Amino acid sequence: MPPLSARSSEAAPAGIDGWSPTSWQSRLALQQPEYPSAAALEAVLRQLGRLPPLVTSGEIEALRSQLAEAARGDRFLLQGGDCAEQFAECDAEVIAGKLKILLQMSLLLVHGAEKRVIRVGRFAGQYAKPRSEQVEARDGVTLPVYRGDLINGVAFEPAERTPDPERLLRGYERAALTLNFIRALIDGGFADLHHPEYWDLEWVRHSPFAAEYQRLAESIGDSLRFMETLSGERVGQTTRVDFFTSHEGLHLRYEQAQTRQVPQRDGWYNLSTHLPWIGMRTSQLDGAHVEYFRGIANPIAVKVGPGTSPEALLELAAVLDPSNEPGRLTLIHRFGARGIARGLPPLVQAVERARRRVLWVCDPMHGNTERIGERFKTRKFEHILSEVEQAFDIHQRAGTYLGGVHVELTGENVTECMGGARNLSEADLARAYRSFVDPRLNYEQALELAMLIARRMRH
Ligand code: PEP
Ligand code: CO
(Lines give C-alpha, C1' and ligand atoms only; values in the text may rest on other atoms or scores of the structure.)
(Ligands and ions follow the chains in the order given, each with its own letter.)
Protein backbone atom coordinates (compact mmCIF):
# COMPACT_ATOMS: atom_id res chain seq x y z
CA MET A 1 0.00 0.00 0.00
CA PRO A 2 1.40 3.41 -0.87
CA PRO A 3 1.19 5.93 1.97
CA LEU A 4 -2.08 7.83 1.87
CA SER A 5 -0.66 11.19 2.75
CA ALA A 6 2.09 13.03 0.96
CA ARG A 7 5.36 12.76 2.87
CA SER A 8 6.81 16.02 4.08
CA SER A 9 10.23 17.49 3.44
CA GLU A 10 11.75 17.43 6.91
CA ALA A 11 14.03 14.43 7.43
CA ALA A 12 14.08 13.81 3.70
CA PRO A 13 16.49 11.35 2.11
CA ALA A 14 18.95 12.87 -0.36
CA GLY A 15 17.82 12.66 -3.99
CA ILE A 16 19.85 12.30 -7.17
CA ASP A 17 23.17 14.16 -7.26
CA GLY A 18 22.99 15.15 -3.64
CA TRP A 19 19.72 17.05 -4.00
CA SER A 20 17.16 17.03 -1.22
CA PRO A 21 14.43 19.53 -0.29
CA THR A 22 16.92 20.99 2.20
CA SER A 23 20.12 20.88 0.11
CA TRP A 24 19.67 24.57 -0.87
CA GLN A 25 20.47 25.45 2.75
CA SER A 26 24.18 24.91 2.13
CA ARG A 27 24.13 27.65 -0.57
CA LEU A 28 23.85 31.40 -0.36
CA ALA A 29 20.13 32.28 -0.25
CA LEU A 30 19.47 35.86 -1.31
CA GLN A 31 16.33 37.85 -0.48
CA GLN A 32 15.39 35.81 2.60
CA PRO A 33 13.84 37.60 5.59
CA GLU A 34 15.49 37.59 8.99
CA TYR A 35 13.03 36.61 11.69
CA PRO A 36 13.46 37.78 15.27
CA SER A 37 12.69 34.31 16.66
CA ALA A 38 14.05 31.14 15.03
CA ALA A 39 11.82 29.03 17.30
CA ALA A 40 8.66 30.81 16.16
CA LEU A 41 9.64 30.30 12.53
CA GLU A 42 10.30 26.58 13.07
CA ALA A 43 6.92 26.14 14.78
CA VAL A 44 5.14 27.71 11.82
CA LEU A 45 7.08 25.66 9.30
CA ARG A 46 6.14 22.46 11.14
CA GLN A 47 2.48 23.40 10.77
CA LEU A 48 2.91 24.31 7.12
CA GLY A 49 4.61 21.00 6.47
CA ARG A 50 1.51 19.15 7.68
CA LEU A 51 -1.20 21.18 5.93
CA PRO A 52 -2.72 19.61 2.81
CA PRO A 53 -1.35 20.57 -0.61
CA LEU A 54 -2.96 23.32 -2.69
CA VAL A 55 -2.50 21.61 -6.04
CA THR A 56 -1.99 18.02 -7.16
CA SER A 57 0.82 16.32 -9.01
CA GLY A 58 -1.70 15.26 -11.68
CA GLU A 59 -2.52 18.90 -12.45
CA ILE A 60 1.16 19.74 -12.48
CA GLU A 61 1.85 16.97 -15.00
CA ALA A 62 -1.05 18.14 -17.18
CA LEU A 63 0.48 21.60 -17.24
CA ARG A 64 3.88 20.19 -18.13
CA SER A 65 2.51 18.48 -21.22
CA GLN A 66 0.68 21.65 -22.29
CA LEU A 67 3.86 23.68 -21.85
CA ALA A 68 5.68 21.14 -24.02
CA GLU A 69 3.08 21.78 -26.71
CA ALA A 70 3.58 25.51 -26.37
CA ALA A 71 7.34 25.08 -26.75
CA ARG A 72 6.64 23.27 -30.04
CA GLY A 73 4.48 26.14 -31.27
CA ASP A 74 1.13 24.43 -30.74
CA ARG A 75 -0.12 26.52 -27.84
CA PHE A 76 0.30 29.98 -26.33
CA LEU A 77 0.86 30.70 -22.64
CA LEU A 78 -1.00 33.57 -21.02
CA GLN A 79 0.48 34.17 -17.58
CA GLY A 80 -0.81 37.15 -15.64
CA GLY A 81 -1.84 38.68 -12.36
CA ASP A 82 -0.68 41.12 -9.72
CA CYS A 83 2.94 41.97 -9.14
CA ALA A 84 2.17 41.13 -5.51
CA GLU A 85 -1.14 39.90 -4.18
CA GLN A 86 -2.22 41.66 -1.00
CA PHE A 87 -3.88 39.85 1.90
CA ALA A 88 -6.47 42.66 2.06
CA GLU A 89 -7.46 42.01 -1.54
CA CYS A 90 -8.39 38.37 -0.99
CA ASP A 91 -11.90 39.40 -1.91
CA ALA A 92 -14.58 37.81 -4.11
CA GLU A 93 -14.87 40.72 -6.51
CA VAL A 94 -11.14 41.17 -6.98
CA ILE A 95 -10.55 37.45 -7.58
CA ALA A 96 -13.49 37.14 -9.98
CA GLY A 97 -12.23 40.26 -11.79
CA LYS A 98 -8.81 38.71 -12.30
CA LEU A 99 -10.29 35.46 -13.54
CA LYS A 100 -12.58 37.36 -15.89
CA ILE A 101 -9.84 39.41 -17.52
CA LEU A 102 -7.57 36.38 -17.97
CA LEU A 103 -10.43 34.36 -19.43
CA GLN A 104 -11.42 37.14 -21.81
CA MET A 105 -7.84 37.72 -22.91
CA SER A 106 -7.47 34.02 -23.55
CA LEU A 107 -10.66 33.97 -25.65
CA LEU A 108 -9.32 36.81 -27.77
CA LEU A 109 -6.13 34.85 -28.30
CA VAL A 110 -7.95 31.61 -29.07
CA HIS A 111 -10.27 33.23 -31.60
CA GLY A 112 -8.01 35.93 -32.92
CA ALA A 113 -4.81 33.95 -33.13
CA GLU A 114 -6.35 30.51 -33.55
CA LYS A 115 -4.09 28.97 -30.94
CA ARG A 116 -5.02 26.97 -27.90
CA VAL A 117 -4.14 28.95 -24.80
CA ILE A 118 -2.71 27.87 -21.44
CA ARG A 119 -4.03 30.11 -18.68
CA VAL A 120 -1.71 30.57 -15.72
CA GLY A 121 -2.51 33.09 -12.99
CA ARG A 122 0.13 34.95 -11.03
CA PHE A 123 -2.11 34.26 -8.08
CA ALA A 124 -2.95 32.09 -5.08
CA GLY A 125 0.53 32.51 -3.61
CA GLN A 126 2.20 35.54 -5.23
CA TYR A 127 2.87 37.16 -1.86
CA ALA A 128 6.67 37.50 -1.55
CA LYS A 129 8.73 40.15 -3.35
CA PRO A 130 12.44 40.50 -4.07
CA ARG A 131 13.68 44.01 -3.32
CA SER A 132 16.71 45.97 -4.48
CA GLU A 133 17.27 47.61 -1.08
CA GLN A 134 17.35 46.03 2.39
CA VAL A 135 16.03 49.08 4.21
CA GLU A 136 13.88 52.12 3.60
CA ALA A 137 14.52 55.54 5.15
CA ARG A 138 11.87 58.20 5.72
CA ASP A 139 12.39 61.44 7.64
CA GLY A 140 15.47 60.13 9.39
CA VAL A 141 13.85 56.80 10.35
CA THR A 142 15.20 53.58 8.82
CA LEU A 143 13.17 50.36 8.71
CA PRO A 144 13.39 47.05 6.82
CA VAL A 145 11.84 47.24 3.32
CA TYR A 146 8.42 45.80 2.61
CA ARG A 147 8.96 42.29 1.19
CA GLY A 148 5.37 41.35 0.45
CA ASP A 149 2.49 40.35 2.73
CA LEU A 150 3.94 36.86 3.21
CA ILE A 151 6.80 38.45 5.16
CA ASN A 152 5.92 41.83 6.64
CA GLY A 153 3.43 44.69 6.44
CA VAL A 154 3.57 47.67 4.10
CA ALA A 155 2.89 50.34 6.77
CA PHE A 156 6.01 52.28 7.72
CA GLU A 157 6.05 51.23 11.39
CA PRO A 158 8.62 49.09 13.20
CA ALA A 159 6.11 46.37 14.21
CA GLU A 160 4.67 46.07 10.71
CA ARG A 161 8.02 45.94 8.97
CA THR A 162 9.43 43.26 11.29
CA PRO A 163 9.15 39.87 9.54
CA ASP A 164 6.46 37.76 11.23
CA PRO A 165 6.40 34.00 10.58
CA GLU A 166 2.65 33.81 11.29
CA ARG A 167 2.25 35.56 7.94
CA LEU A 168 3.41 32.36 6.23
CA LEU A 169 0.30 30.62 7.55
CA ARG A 170 -1.95 33.57 6.68
CA GLY A 171 -0.52 33.57 3.13
CA TYR A 172 -0.96 29.84 2.73
CA GLU A 173 -4.57 30.08 3.93
CA ARG A 174 -5.34 32.97 1.57
CA ALA A 175 -3.77 31.08 -1.31
CA ALA A 176 -6.10 28.19 -0.47
CA LEU A 177 -9.14 30.48 -0.20
CA THR A 178 -8.29 32.10 -3.54
CA LEU A 179 -7.79 28.79 -5.26
CA ASN A 180 -10.96 27.35 -3.76
CA PHE A 181 -13.01 30.26 -5.11
CA ILE A 182 -11.37 30.06 -8.53
CA ARG A 183 -12.05 26.34 -8.77
CA ALA A 184 -15.68 26.93 -7.76
CA LEU A 185 -16.17 29.71 -10.31
CA ILE A 186 -14.74 27.57 -13.06
CA ASP A 187 -16.78 24.52 -12.08
CA GLY A 188 -19.89 26.69 -11.94
CA GLY A 189 -19.40 27.66 -15.57
CA PHE A 190 -18.46 31.33 -15.32
CA ALA A 191 -20.21 31.15 -18.66
CA ASP A 192 -21.47 34.67 -19.08
CA LEU A 193 -17.95 35.93 -19.23
CA HIS A 194 -17.54 34.12 -22.52
CA HIS A 195 -20.12 36.37 -24.10
CA PRO A 196 -18.86 39.61 -25.54
CA GLU A 197 -22.19 41.28 -24.80
CA TYR A 198 -21.13 41.15 -21.13
CA TRP A 199 -17.72 42.58 -21.78
CA ASP A 200 -16.97 46.19 -20.84
CA LEU A 201 -16.07 47.46 -24.29
CA GLU A 202 -16.79 51.16 -23.77
CA TRP A 203 -13.12 52.00 -24.29
CA VAL A 204 -13.02 50.41 -27.72
CA ARG A 205 -14.44 53.62 -29.24
CA HIS A 206 -11.26 55.44 -28.20
CA SER A 207 -8.97 53.17 -30.15
CA PRO A 208 -7.81 53.61 -33.73
CA PHE A 209 -8.64 49.92 -34.14
CA ALA A 210 -12.25 50.37 -32.97
CA ALA A 211 -13.85 48.71 -35.99
CA GLU A 212 -11.47 45.78 -35.89
CA TYR A 213 -12.00 45.22 -32.14
CA GLN A 214 -15.74 45.31 -32.63
CA ARG A 215 -15.54 42.72 -35.42
CA LEU A 216 -13.34 40.46 -33.30
CA ALA A 217 -15.73 40.65 -30.34
CA GLU A 218 -18.71 39.95 -32.60
CA SER A 219 -17.04 36.99 -34.24
CA ILE A 220 -16.30 35.46 -30.83
CA GLY A 221 -19.97 35.92 -29.95
CA ASP A 222 -21.04 34.31 -33.21
CA SER A 223 -18.84 31.26 -32.82
CA LEU A 224 -19.92 30.74 -29.21
CA ARG A 225 -23.58 30.92 -30.20
CA PHE A 226 -22.90 28.50 -33.05
CA MET A 227 -21.28 26.01 -30.67
CA GLU A 228 -24.14 26.37 -28.21
CA THR A 229 -26.71 25.75 -30.92
CA LEU A 230 -24.83 22.66 -32.00
CA SER A 231 -24.49 21.21 -28.52
CA GLY A 232 -27.72 22.57 -27.03
CA GLU A 233 -25.81 23.71 -23.94
CA ARG A 234 -24.20 26.84 -22.59
CA VAL A 235 -20.53 26.99 -23.50
CA GLY A 236 -19.34 27.34 -19.93
CA GLN A 237 -21.05 24.07 -19.09
CA THR A 238 -19.67 22.11 -22.01
CA THR A 239 -16.06 23.20 -22.19
CA ARG A 240 -14.13 23.04 -18.97
CA VAL A 241 -11.41 25.61 -18.96
CA ASP A 242 -8.17 24.81 -17.22
CA PHE A 243 -6.59 27.35 -14.93
CA PHE A 244 -3.18 26.96 -13.38
CA THR A 245 -1.35 28.94 -10.70
CA SER A 246 2.16 30.29 -10.45
CA HIS A 247 4.26 32.45 -8.15
CA GLU A 248 7.87 33.44 -7.69
CA GLY A 249 9.47 30.76 -5.54
CA LEU A 250 11.36 33.25 -3.43
CA HIS A 251 10.93 32.35 0.24
CA LEU A 252 12.73 29.02 0.31
CA ARG A 253 11.66 27.82 3.76
CA TYR A 254 8.04 28.36 2.71
CA GLU A 255 8.54 26.50 -0.58
CA GLN A 256 10.43 23.69 1.13
CA ALA A 257 7.64 23.15 3.63
CA GLN A 258 5.30 22.29 0.77
CA THR A 259 7.69 20.13 -1.18
CA ARG A 260 6.38 16.59 -0.98
CA GLN A 261 6.58 13.11 -2.40
CA VAL A 262 3.31 11.67 -3.63
CA PRO A 263 2.12 8.11 -4.02
CA GLN A 264 2.50 6.61 -7.51
CA ARG A 265 4.89 9.23 -8.86
CA ASP A 266 8.62 9.71 -8.62
CA GLY A 267 10.29 12.84 -7.43
CA TRP A 268 9.48 15.75 -5.20
CA TYR A 269 6.70 18.18 -6.08
CA ASN A 270 6.20 21.71 -4.88
CA LEU A 271 2.50 21.36 -4.18
CA SER A 272 1.87 25.03 -3.37
CA THR A 273 1.64 25.96 -7.05
CA HIS A 274 1.78 24.47 -10.52
CA LEU A 275 4.49 26.63 -12.05
CA PRO A 276 6.99 28.29 -9.70
CA TRP A 277 9.56 30.63 -11.21
CA ILE A 278 12.99 31.98 -10.29
CA GLY A 279 13.20 35.78 -10.36
CA MET A 280 15.98 37.86 -11.93
CA ARG A 281 17.62 38.64 -8.61
CA THR A 282 17.96 35.05 -7.43
CA SER A 283 19.02 33.08 -10.52
CA GLN A 284 22.73 32.72 -9.67
CA LEU A 285 24.03 29.35 -10.83
CA ASP A 286 25.58 28.51 -7.45
CA GLY A 287 22.80 30.11 -5.41
CA ALA A 288 20.21 28.50 -3.16
CA HIS A 289 17.24 29.13 -5.45
CA VAL A 290 18.76 27.28 -8.40
CA GLU A 291 19.72 24.43 -6.06
CA TYR A 292 16.14 24.15 -4.75
CA PHE A 293 14.52 24.40 -8.18
CA ARG A 294 16.76 21.87 -9.90
CA GLY A 295 15.36 19.07 -7.75
CA ILE A 296 11.62 19.69 -7.86
CA ALA A 297 9.48 17.83 -10.36
CA ASN A 298 7.28 20.79 -11.40
CA PRO A 299 7.72 22.57 -14.70
CA ILE A 300 9.71 25.67 -13.78
CA ALA A 301 10.40 29.09 -15.26
CA VAL A 302 13.35 31.46 -14.99
CA LYS A 303 13.46 35.18 -15.71
CA VAL A 304 16.28 36.27 -18.02
CA GLY A 305 17.25 39.79 -18.99
CA PRO A 306 20.04 42.35 -19.18
CA GLY A 307 23.03 40.76 -17.51
CA THR A 308 22.19 37.18 -18.53
CA SER A 309 25.02 36.00 -20.80
CA PRO A 310 24.47 33.20 -23.34
CA GLU A 311 27.09 31.06 -21.55
CA ALA A 312 25.46 31.55 -18.15
CA LEU A 313 22.05 30.76 -19.59
CA LEU A 314 23.26 27.47 -21.09
CA GLU A 315 24.86 26.49 -17.78
CA LEU A 316 21.65 27.34 -15.98
CA ALA A 317 19.59 25.30 -18.44
CA ALA A 318 21.95 22.33 -18.01
CA VAL A 319 21.51 22.41 -14.23
CA LEU A 320 17.76 23.02 -14.22
CA ASP A 321 16.85 20.74 -17.11
CA PRO A 322 19.64 18.18 -17.49
CA SER A 323 17.61 15.80 -19.64
CA ASN A 324 16.24 18.51 -21.95
CA GLU A 325 12.74 17.41 -21.12
CA PRO A 326 9.88 19.02 -23.09
CA GLY A 327 7.80 21.33 -20.89
CA ARG A 328 10.30 21.42 -18.04
CA LEU A 329 11.91 24.81 -18.65
CA THR A 330 10.29 28.12 -19.55
CA LEU A 331 12.50 31.14 -20.14
CA ILE A 332 10.76 34.45 -19.47
CA HIS A 333 12.72 37.28 -21.06
CA ARG A 334 12.34 40.84 -19.81
CA PHE A 335 14.70 43.30 -21.47
CA GLY A 336 12.52 46.37 -21.99
CA ALA A 337 11.50 47.89 -25.32
CA ARG A 338 14.87 49.59 -25.58
CA GLY A 339 16.99 46.56 -24.71
CA ILE A 340 15.34 43.57 -26.34
CA ALA A 341 16.76 44.06 -29.87
CA ARG A 342 20.30 43.83 -28.53
CA GLY A 343 19.78 41.51 -25.56
CA LEU A 344 17.50 38.73 -26.78
CA PRO A 345 19.03 37.48 -30.08
CA PRO A 346 22.29 36.15 -28.55
CA LEU A 347 20.32 34.18 -25.94
CA VAL A 348 17.90 32.73 -28.48
CA GLN A 349 20.72 31.75 -30.81
CA ALA A 350 22.75 30.08 -28.06
CA VAL A 351 19.77 28.05 -26.82
CA GLU A 352 18.88 27.08 -30.38
CA ARG A 353 22.44 26.02 -31.19
CA ALA A 354 22.51 23.87 -28.06
CA ARG A 355 19.26 22.23 -29.31
CA ARG A 356 17.51 22.97 -26.06
CA ARG A 357 13.75 22.57 -25.99
CA VAL A 358 12.56 25.52 -23.97
CA LEU A 359 9.40 27.59 -23.99
CA TRP A 360 10.13 31.26 -24.70
CA VAL A 361 7.86 33.78 -23.02
CA CYS A 362 8.01 37.58 -23.13
CA ASP A 363 7.52 39.62 -19.94
CA PRO A 364 7.08 43.13 -21.37
CA MET A 365 6.62 44.66 -17.91
CA HIS A 366 9.77 44.47 -15.82
CA GLY A 367 12.16 46.03 -18.32
CA ASN A 368 9.80 48.96 -18.90
CA THR A 369 9.29 50.31 -15.40
CA GLU A 370 9.97 54.00 -14.88
CA ARG A 371 9.61 56.42 -12.03
CA ILE A 372 7.40 59.50 -12.24
CA GLY A 373 8.32 61.85 -9.42
CA GLU A 374 8.65 60.50 -5.88
CA ARG A 375 5.35 58.67 -5.67
CA PHE A 376 4.76 56.56 -8.72
CA LYS A 377 6.35 53.75 -10.63
CA THR A 378 4.67 53.40 -14.00
CA ARG A 379 4.95 51.73 -17.41
CA LYS A 380 3.88 53.02 -20.79
CA PHE A 381 1.50 50.91 -22.83
CA GLU A 382 3.41 51.72 -26.01
CA HIS A 383 6.65 50.33 -24.51
CA ILE A 384 4.89 47.17 -23.36
CA LEU A 385 3.37 46.62 -26.79
CA SER A 386 6.62 47.45 -28.54
CA GLU A 387 8.55 44.88 -26.52
CA VAL A 388 6.01 42.16 -27.36
CA GLU A 389 6.08 43.05 -31.06
CA GLN A 390 9.86 43.05 -31.16
CA ALA A 391 9.86 39.69 -29.37
CA PHE A 392 7.63 38.19 -32.09
CA ASP A 393 10.00 39.54 -34.77
CA ILE A 394 13.18 38.35 -33.08
CA HIS A 395 11.87 34.83 -32.56
CA GLN A 396 10.54 34.68 -36.09
CA ARG A 397 13.91 35.68 -37.53
CA ALA A 398 15.73 33.17 -35.33
CA GLY A 399 13.39 30.35 -36.32
CA THR A 400 12.16 30.02 -32.72
CA TYR A 401 8.64 30.52 -31.39
CA LEU A 402 7.41 33.11 -28.95
CA GLY A 403 5.12 30.85 -26.96
CA GLY A 404 3.61 33.21 -24.43
CA VAL A 405 3.42 36.45 -22.52
CA HIS A 406 3.82 37.17 -18.81
CA VAL A 407 1.99 40.31 -17.70
CA GLU A 408 1.12 42.20 -14.54
CA LEU A 409 -2.54 43.11 -14.65
CA THR A 410 -5.71 43.40 -12.63
CA GLY A 411 -9.40 43.20 -13.48
CA GLU A 412 -9.93 46.54 -11.71
CA ASN A 413 -10.06 49.99 -13.17
CA VAL A 414 -6.74 51.18 -11.72
CA THR A 415 -4.54 53.93 -13.17
CA GLU A 416 -1.02 52.59 -12.79
CA CYS A 417 0.25 52.17 -16.37
CA MET A 418 0.06 55.06 -18.85
CA GLY A 419 -1.28 55.07 -22.41
CA GLY A 420 -3.68 52.63 -24.05
CA ALA A 421 -6.84 53.51 -25.95
CA ARG A 422 -7.93 56.03 -23.31
CA ASN A 423 -4.41 57.41 -23.25
CA LEU A 424 -3.97 57.61 -19.47
CA SER A 425 -1.45 60.32 -18.64
CA GLU A 426 0.77 61.31 -15.74
CA ALA A 427 -2.09 63.36 -14.34
CA ASP A 428 -4.31 60.24 -14.19
CA LEU A 429 -1.94 58.16 -12.06
CA ALA A 430 -2.99 59.60 -8.68
CA ARG A 431 -6.68 58.83 -9.31
CA ALA A 432 -6.58 55.07 -8.75
CA TYR A 433 -3.03 53.94 -8.05
CA ARG A 434 -3.33 50.95 -5.74
CA SER A 435 -0.25 48.79 -6.20
CA PHE A 436 2.38 48.83 -3.45
CA VAL A 437 4.94 47.41 -5.83
CA ASP A 438 4.83 47.35 -9.65
CA PRO A 439 2.21 49.09 -11.84
CA ARG A 440 -0.37 46.81 -13.47
CA LEU A 441 -2.34 47.02 -16.68
CA ASN A 442 -5.99 47.73 -15.90
CA TYR A 443 -8.95 45.83 -17.38
CA GLU A 444 -9.11 47.86 -20.57
CA GLN A 445 -5.38 47.99 -21.16
CA ALA A 446 -5.11 44.24 -20.64
CA LEU A 447 -7.93 43.51 -23.12
CA GLU A 448 -6.38 45.87 -25.63
CA LEU A 449 -3.00 44.19 -25.29
CA ALA A 450 -4.62 40.80 -25.91
CA MET A 451 -6.38 42.13 -29.01
CA LEU A 452 -3.15 43.53 -30.38
CA ILE A 453 -1.29 40.28 -29.70
CA ALA A 454 -4.07 38.28 -31.35
CA ARG A 455 -3.93 40.64 -34.34
CA ARG A 456 -0.18 40.24 -34.58
CA MET A 457 -0.34 36.44 -34.33
CA ARG A 458 -2.99 36.25 -37.03
CA HIS A 459 -0.96 38.26 -39.54
C1 PEP B 1 8.24 40.18 -10.84
O2 PEP B 1 7.91 39.34 -11.69
O3 PEP B 1 7.43 40.81 -10.15
C4 PEP B 1 9.69 40.51 -10.72
C5 PEP B 1 10.20 40.99 -9.60
O6 PEP B 1 10.35 40.28 -11.86
P7 PEP B 1 11.92 40.14 -12.15
O8 PEP B 1 12.41 39.03 -11.29
O9 PEP B 1 11.92 39.81 -13.61
O10 PEP B 1 12.54 41.47 -11.86
CO1 CO C 1 6.58 42.97 -10.64
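Notes on the structure in this doc start here. Predicted model only: the values in this text are computed from it and were never measured.

1. A look at a nonpolar patch on the surface
Right, on to step 1. A surface patch of nonpolar side chains, amounting to about 340 Å² of accessible area, comprises Phe 226, Met 227 and Leu 230.
Right, on to step 2. Mapping Met 227 onto the fold places it in helix H6 (residues 210-231).
Right, on to step 3. Judged by its relative accessible area of 36%, Met 227 falls in the partly exposed class.

2. Remarks on unusual backbone geometry
Glycine aside, residues mostly have negative phi angles, and peptide bonds mostly take the trans form.
Right, on to step 1. Positive phi, normally seen in glycine, also occurs at Ala 124, with a value near 60°.
Right, on to step 2. Looking at the element boundaries, Ala 124 is found in the loop between strand S2 (116-121) and strand S3 (135-138).
Right, on to step 3. Phi angles above zero are rare outside glycine, and Gln 264 is one such case at about 75°.

3. Here we look at the pattern of salt bridges
Right, on to step 1. Counted under the stated rule, the structure contains 29 salt bridges.
Right, on to step 2. With its nearest N and O atoms 3.5 Å apart, the salt bridge here joins Asp 321 to Arg 356. In this pair, Asp 321 is assigned in the loop between helix H10 (310-320) and strand S10 (329-333) and Arg 356 in the loop between helix H11 (340-353) and strand S11 (359-362), connecting sequence segments 35 residues apart. Grouping residues by exposure puts Asp 321 and Arg 356 together as buried.

4. Side note on the coordination of the cobalt ion (ligand 2)
Right, on to step 1. Those protein atoms acting as donors to the cobalt ion (ligand 2) are Cys 83 (SG), His 366 (NE2), Glu 408 (OE) and Asp 438 (OD), and they sit at 2.1 to 2.3 Å.
Right, on to step 2. When the donor residues of the cobalt ion (ligand 2) are listed from N- to C-terminus, their spacing reads C-x282-H-x41-E-x29-D. Taken together, the residues Glu 408 in strand S14 (residues 402-408) and Asp 438 in the loop between S14 and helix H13 (443-458) connect sequence positions 30 residues apart.
Right, on to step 3. Among the residues examined, Asp 438 registers a relative accessible area of 9% and is labelled buried.

5. Focus: helix H3 (residues 92-113)
Right, on to step 1. The first and last C-alpha atoms of H3 sit 31 Å apart over 22 residues, in line with the 32 Å expected at 1.5 Å per residue.
Right, on to step 2. For H3, the tally of buried residues reaches 18 of 22 residues, placing the bulk of the element in the interior.
Right, on to step 3. Backbone nitrogen of Glu 93 and a side-chain oxygen of the N-cap are separated by 2.9 Å at the start of H3; the cap is Asp 91.
Right, on to step 4. Among the residues trailing H3, Glu 114 stands out with phi positive, at a value near 55°.

6. Concerning the state of the cysteines
Right, on to step 1. Taken as a whole, this structure holds zero disulfides when the rule is applied.
Right, on to step 2. Cysteine Cys 362 is unpaired, with the sulfur of Cys 417 as its nearest cysteine sulfur at 14 Å.
Right, on to step 3. No disulfide involves Cys 417; its nearest neighbouring cysteine sulfur is the one of Cys 83, lying 11 Å away.
Right, on to step 4. Judged by its relative accessible area of 0%, Cys 417 is buried.

7. As for the sheet that holds S10
Sheet strands pair via backbone hydrogen bonds, and the direction of the pair is either parallel or antiparallel.
Right, on to step 1. Strand order around the closed barrel formed by eight strands is S1-S2-S5-S8-S9-S10-S11-S14, with parallel pairing between neighbours. Between one strand and the next, the sheet's axes are offset by a mean angle of 30°, whatever the strand orientation.
Right, on to step 2. The pairing of S11 with S14 spans two bridges and is classified as parallel. Bridged to Cys 362 within S14 is Val 405.
Right, on to step 3. Contacts between helix H2 (residues 57-71) and the sheet are confined to strand S1 (75-81), S2, strand S5 (244-248), strand S8 (275-278), S10, S11 and S14, with S2 contributing the most and set at about 130° to the helix.

8. Quick word on the pairing of strand S9 (residues 300-304)
Right, on to step 1. A large share of S9 lies buried, amounting to five of its five residues.
Right, on to step 2. On S9, burial covers both faces: Ile 300, Val 302 and Val 304 on one face and Ala 301 and Lys 303 on the other are all buried.
Right, on to step 3. As defined by bridge partners, S9 adjoins S10 across five bridges and the pair is classed as parallel. Bridge pairing links Lys 303 to Ile 332 in S10.
Right, on to step 4. This β-α-β element, S9 to H10 to S10, shows right-handed connectivity.

9. Quick word on the packing of H3 against helix H5 (residues 166-187)
Right, on to step 1. Closest axis-to-axis distance for the H3/H5 pair is 10 Å, and the angle between their directions is 55°. Our classification of the angle between H3 and H5 gives oblique. In this structure, H3 meets H5 at a crossing whose hand is right-handed. Facing H3, whose interface residues are Ala 92, Ile 95, Ala 96 and Leu 99, H5 presents Thr 178, Phe 181, Ile 182, Leu 185 and Ile 186.
Right, on to step 2. Taken together, the residues that form the contact of H3 with H5 break down as eight nonpolar, one polar and no charged.

What counts, and where the lines are drawn
Residues numbered from 1 in each chain as written. Chains lettered and ligands numbered in written order. Predicted model: local features only at pLDDT ≥ 70, side-chain atom pairs only at ≥ 80, totals over all residues. Heavy atoms only, no water. Patch = residues over 30% accessible without salt bridge, like charges linked within 9 Å, V, L, I, M, F, W, Y side chains within 5 Å. Areas by Shrake-Rupley, 256 points an atom, 1.4 Å probe, with all protein chains shown as cover. Salt bridge = Lys/Arg side-chain N within 4 Å of Asp/Glu carboxyl O. Helix = DSSP H or I, 4+ residues; strand = E, 2+ residues; numbered from the N terminus. Buried < 20%, exposed > 50% of the residue type's maximum accessible area, 1.4 Å probe, protein only. Donors = N, O, S within 2.8 Å, 3.2 Å for Na, K, Ca; no water. Expected span 1.5 Å × (residues − 1). Polar contact = N/O pair within 3.5 Å; in protein donor to acceptor, adjacent residues only side chain to side chain. Disulfide = S-S within 2.5 Å. Pairing = 2+ DSSP bridges. Axes fitted to C-alpha atoms, helices over the stretch in contact; angles between N-to-C directions. Contact = heavy atoms within 4.5 Å. Right-handed = clockwise from strand over helix to strand, strands pointing away. Parallel < 35°, antiparallel > 145°, perpendicular 65-115°, else oblique. Left-handed = near helix turned anticlockwise from the far one by under 90°. Nonpolar A, V, L, I, M, F, W, Y, C, P; charged D, E, K, R; others polar.

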